[in-house]
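Examining the three-dimensional arrangement
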Amino acid sequence: MSTASETDSSTAGPFPGPAAVSPEGPESSADSTDGVLAEQLLRLTRRLHRIQKRHLEPLGITPAQSRLLRLVSHYDGGQPPRMADLAARLEVVPRAVTTLVDGLEAADCVRRAPDPANRRVIRIELTDTGRATLRRLRSARTDAAEEILAPLTAGQRDQLGGLLDALMDAPGGRRC
């Protein structure tokens with residue numbers, strides 16, 4: 001079921017079928033199908049983002065803050081990450097990470113801590129409040145996933161999972 005807030009007028013309307021003709025002339029069936037699939041994936045991504053945002057809103061956390069919090073909690077560098085580490089993993093400019101950390105620090109979810117080996121380096125540590133927030137985030141993400149996947153049967157979910165794995169594991173693909 002779609003709400004008014006989930007409607008995106010820029011993507012509303014039917015998709016052209018595989019035999020669609022562009023202003024430049026006939027397209028091959030494969031090109032047209034790939035274009036339709038790409039548009040469907042983009043629309044689904046936007047819908048996922050809206051649903052996730054709605055489920056995270058009561059927690060006072062944005063999807064970007066949620067992603068950073070999860071990254072800090074699962075960072076595999078042996079010690080808390082530096083701001084530059086987070087920026088590289090999130091593929092954003094360091095200033096964007098500073099803004100996210102500022103918000104999470106204000107909510108007492110993370111803290112900046114000097115590196116004991118190099119006081120010029122600041123590391124980002126998860127707080128107890130941050131760990132509790134992560135537990136609530138997991139629940140909100142599960143609720144969002146259940147909402148988006150509700151129309152699918154168990155078999156369709158398995159099939160979708162296999163297809164998504166194939167796309168993520170394709171050569172040249174990168175995992176987030």
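Coordinates for the structure precede this section.
Everything quoted here is computed from the prediction, not taken from an experiment. (Residues numbered from 1 in each chain as written. Predicted model: local features only at pLDDT ≥ 70, side-chain atom pairs only at ≥ 80, totals over all residues. Heavy atoms only, no water.)

**Describing the packing of helix α2 (residues 63-73) against helix α3 (residues 83-90)**
- Two elements in contact, α2 and α3, have axes whose closest approach is 11 Å; the angle formed by their N-to-C orientations is 120 degrees. Crossing hand, α2 versus α3: right-handed. For the pair α2 and α3, contact is made by R67, L68, L71 and V72 and by L86, R89 and L90, respectively.
- Looking at the contact of α2 with α3 residue by residue, the classes come out as five nonpolar, no polar and two charged. (Axes fitted to C-alpha atoms, helices over the stretch in contact; angles between N-to-C directions. Helix = DSSP H or I, 4+ residues; strand = E, 2+ residues; numbered from the N terminus. Left-handed = near helix turned anticlockwise from the far one by under 90°. Contact = heavy atoms within 4.5 Å. Nonpolar A, V, L, I, M, F, W, Y, C, P; charged D, E, K, R; others polar.)

**So, the side chain of D115**
- One can find D115 in strand β3 (residues 110-115).
- Classification of D115 by relative accessible area gives buried; the value is 5%.
- A distance of 2.7 Å separates the side chain of D115 from the backbone nitrogen of A117, its partner in a polar contact.
- Those residues within four positions of D115 in sequence are excluded, and the remaining contacts are Q79, V121 and R123. (Buried < 20%, exposed > 50% of the residue type's maximum accessible area, 1.4 Å probe, protein only. Polar contact = N/O pair within 3.5 Å; in protein donor to acceptor, adjacent residues only side chain to side chain.)

**Looking at helix α5 (residues 128-149)**
- For α5, spanning 22 residues, the distance from its first C-alpha to its last is 32 Å, which sits close to the expected 32 Å at 1.5 Å a residue.
- Listed in full, the buried residues belonging to α5 are G130, T133, L134, L137, A140, A144 and I148. One face of α5 carries all of its buried residues, which in axial projection span an arc of 135 degrees. Exposed residues on α5 whose side chains face more than 90 degrees from its buried face are D128 and R135. (Expected span 1.5 Å × (residues − 1). Arc of directions from axis to C-beta.)

**Focus: the packing of α2 against α5**
- At a minimum axis separation of 10 Å, α2 and α5 run at an interaxial angle of 120 degrees. Put simply, α2 runs oblique to α5. α5 is crossed by α2, and the crossing has left-handed handedness. On the side of α2, the interface is formed by S66, L69, R70 and S73, while α5 contributes G130, T133, L134, L137 and R141.
- Taken together, the residues of the contact of α2 with α5 sort by class into three nonpolar, four polar and two charged. (Parallel < 35°, antiparallel > 145°, perpendicular 65-115°, else oblique.)

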